[in-house]
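One letter stands for each residue in the lines below.
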Amino acid sequence: MTEPTAAGATLAPAAKPATKPARPFFSSGPCAKPPGWSAAALATDSLGRSHRSKIGKTRLAYCIELMRELLNLPETHRIGIVPGSDTGAFEMAMWTMLGAKPVTTLAWESFGEGWVTDAAKQLNLNPTIIRADYGQLPDLSAVDFSNDVLFTWNGTTSGVRVPNADWIPADREGLTFADATSAVFAYDIDWAKIDVATFSWQKVLGGEGAHGVLILGPRAVERLETHTPAWPLPKLFRLMSKGKLAEGVFKGETINTPSMLAVEDAIFALEWGKSVGGAKGLIARSDANAAALDKIVADRDWLGHLAADTASRSKTSVCLTVAGADEAFIKSFAALLEKEGAAYDVAGYRDAPAGLRIWCGATVDTADIEALGPWLDWAYAQTKAA
């Protein structure tokens, strides 16, 4: 039997659940490895070789080819592997392309605020800033697309996403810059509306960090070839060579030395993605995971979604509220689950309101999300009792 507690919530029985998630990896980055992953399963012929050797170039180019295929990326868009994870890729885009037009930045969580800081305080661009609180989406109708526009497609630390690309006009004057690191491979993205996109393998693919991916549409390439930034660029950001786009970057000729082990890990994840049905299969897995977590939340009075609007609620980094919880409560709650091996890394982001954050991307199995529910009940009851 359950017993009542504050705010109409209920406490779970004290007994521990009998079944644990088989893979209790719910971190929002780095995320769960693909099912069936093991280090022994990775190809290793490229290891210990130059990334500029024939095999190195071939594997890098193959990785790019797989990403293009799974993203359904049109040939009009270039895709390159760059240093610095998603952060490095997005900053590379900002530092090389901004300054030609006024800038609008959208922020509704910590990473969007990071791009605000870069635009306002580092590049001194005096951007128009459109903000919303955690759990909310800014007024997208207020965006002036005569400006360059910076936004996060899926706010990893707030669990709030843009519903689609319908708010972006086809005849925009400025460029759109989408930090899409928790979005690619989980949502259908209208690439005609995106001039610049960035992501990291460590999110929906469950790959390793440190490497970023930069996608450039034709309008972004035009900007690079016609605009010279007013500030100096470090070598790692330079995408131009002799007045032209450095095309080799988008064929696997990386700016600096990549980890070929991380590349092979990404290739494993991409090939796994193909095996489950490509983009549609990956999206379906994320959808099923998010639906399973939605049911857990709906069945519990003490759990809620930080993002109240289902149309803008993330289906990957799902942020939850816990009745009466503060930061110390969540820390103890998450520590209990980790100690039992039932769930790892489920505390919300440090800058977000106190709560839980459960990764529901494609590399997580729905059965593990379902098995998590009783453990949340147990940990909540134990933490309340303490």
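Residues numbered from 1 in each chain as written. Predicted model: local features only at pLDDT ≥ 70, side-chain atom pairs only at ≥ 80, totals over all residues. Heavy atoms only, no water.

1. Focus: helix 7 (residues 327–339)
And then number 1: With 13 residues, helix 7 ought to run about 18 Å at 1.5 Å a step, and its terminal C-alpha atoms sit 18 Å apart, in line with that.
And then number 2: Listed in full, the buried residues belonging to helix 7 are F329, I330, F333, A334 and L337. Each buried residue of helix 7 lies within a common arc of 125° when the element is viewed along its axis, so the set occupies one face. Facing away from the buried side of helix 7 by more than 90 degrees, the exposed set consists of E327, K331 and K339.
And then number 3: Each element contacted by the buried residues of helix 7 is listed here: strand 15 (317–322), strand 16 (356–359) and helix 8 (366–385).
And then number 4: Sitting at the amino-terminal end of helix 7 is D326, which places a side-chain oxygen 3.3 Å from the backbone nitrogen of A328.
And then number 5: Among the residues trailing helix 7, G341 stands out with phi positive, at a value near 70°. (Helix = DSSP H or I, 4+ residues; strand = E, 2+ residues; numbered from the N terminus. Expected span 1.5 Å × (residues − 1). Buried < 20%, exposed > 50% of the residue type's maximum accessible area, 1.4 Å probe, protein only. Arc of directions from axis to C-beta. Contact = heavy atoms within 4.5 Å. Polar contact = N/O pair within 3.5 Å; in protein donor to acceptor, adjacent residues only side chain to side chain.)

2. Thoughts on the sheet that holds strand 6 (residues 148–152)
Think of a sheet as strands paired side by side through backbone hydrogen bonds, with each pair either parallel or antiparallel.
And then number 1: Ordered in space as 3-11-10-9-6-4-5, the 7 strands form an open sheet in which the pairing is mixed. The open sheet has two edge strands with one neighbour each: strand 3 (78–83) and strand 5 (128–131). The sheet shows a mean angle of 20° between the axes of neighbouring strands, taken without regard to direction.
And then number 2: In this fold helix 2 (residues 85–97) packs onto strand 3, strand 6, strand 9 (176–179), strand 10 (196–200) and strand 11 (211–216), with an angle of close to 40° to the strand it touches most, strand 11.
And then number 3: The strands touched by helix 3 (residues 110–122) are strand 4 (103–107), strand 5, strand 6 and strand 9; relative to strand 4, the strand with the most contacts, the crossing angle is about 155°. (Pairing = 2+ DSSP bridges. Axes fitted to C-alpha atoms, helices over the stretch in contact; angles between N-to-C directions.)

3. Regarding unusual backbone geometry
And then number 1: A cis amide bond links G29 with the next residue in sequence, P30, at an omega value of -10°.
And then number 2: Checked against the element boundaries, P30 lands in the loop between strand 2 (10–11) and helix 1 (54–71).
And then number 3: We note that F185 has phi near 75°; this positive angle belongs to a residue other than glycine.
And then number 4: By secondary structure assignment, the location of F185 is in the loop between strand 9 and strand 10.
And then number 5: At A210, a position not held by glycine, the phi torsion is positive, near 85°.
And then number 6: Along the chain, A210 falls in the loop between strand 10 and strand 11.

4. What to know about the sheet that holds strand 16
And then number 1: Judged by pairing direction, the sheet is antiparallel, and its 3 strands sit side by side in the order 14-15-16 without closing on themselves. Both edges of this open sheet fall to strand 14 (303–305) and strand 16, since each of them pairs with a single strand only. Sheet twist, expressed as the mean angle between neighbouring strand axes with direction ignored, is 35°.
And then number 2: Both strand 15 and strand 16 contribute to a ladder of 4 bridges, which runs antiparallel. Directly across from S317, in strand 16, lies its bridge partner W359.
And then number 3: This element, helix 8, spans strand 14, strand 15 and strand 16 of the sheet and lies at about 165° to strand 16.

5. Things to note about the side chain of E109
And then number 1: With respect to the secondary-structure elements, E109 resides in the loop between strand 4 and helix 3.
And then number 2: A polar side-chain atom of E109 sits 3.2 Å from the main-chain amide nitrogen of F111.
And then number 3: Within polar-contact distance, the side chain of E109 engages the side chain of T157 at 2.8 Å.
And then number 4: With sequence-adjacent residues up to four places away left out, E109 is seen in contact with Y134, T152, G155, T156, T157 and S158.

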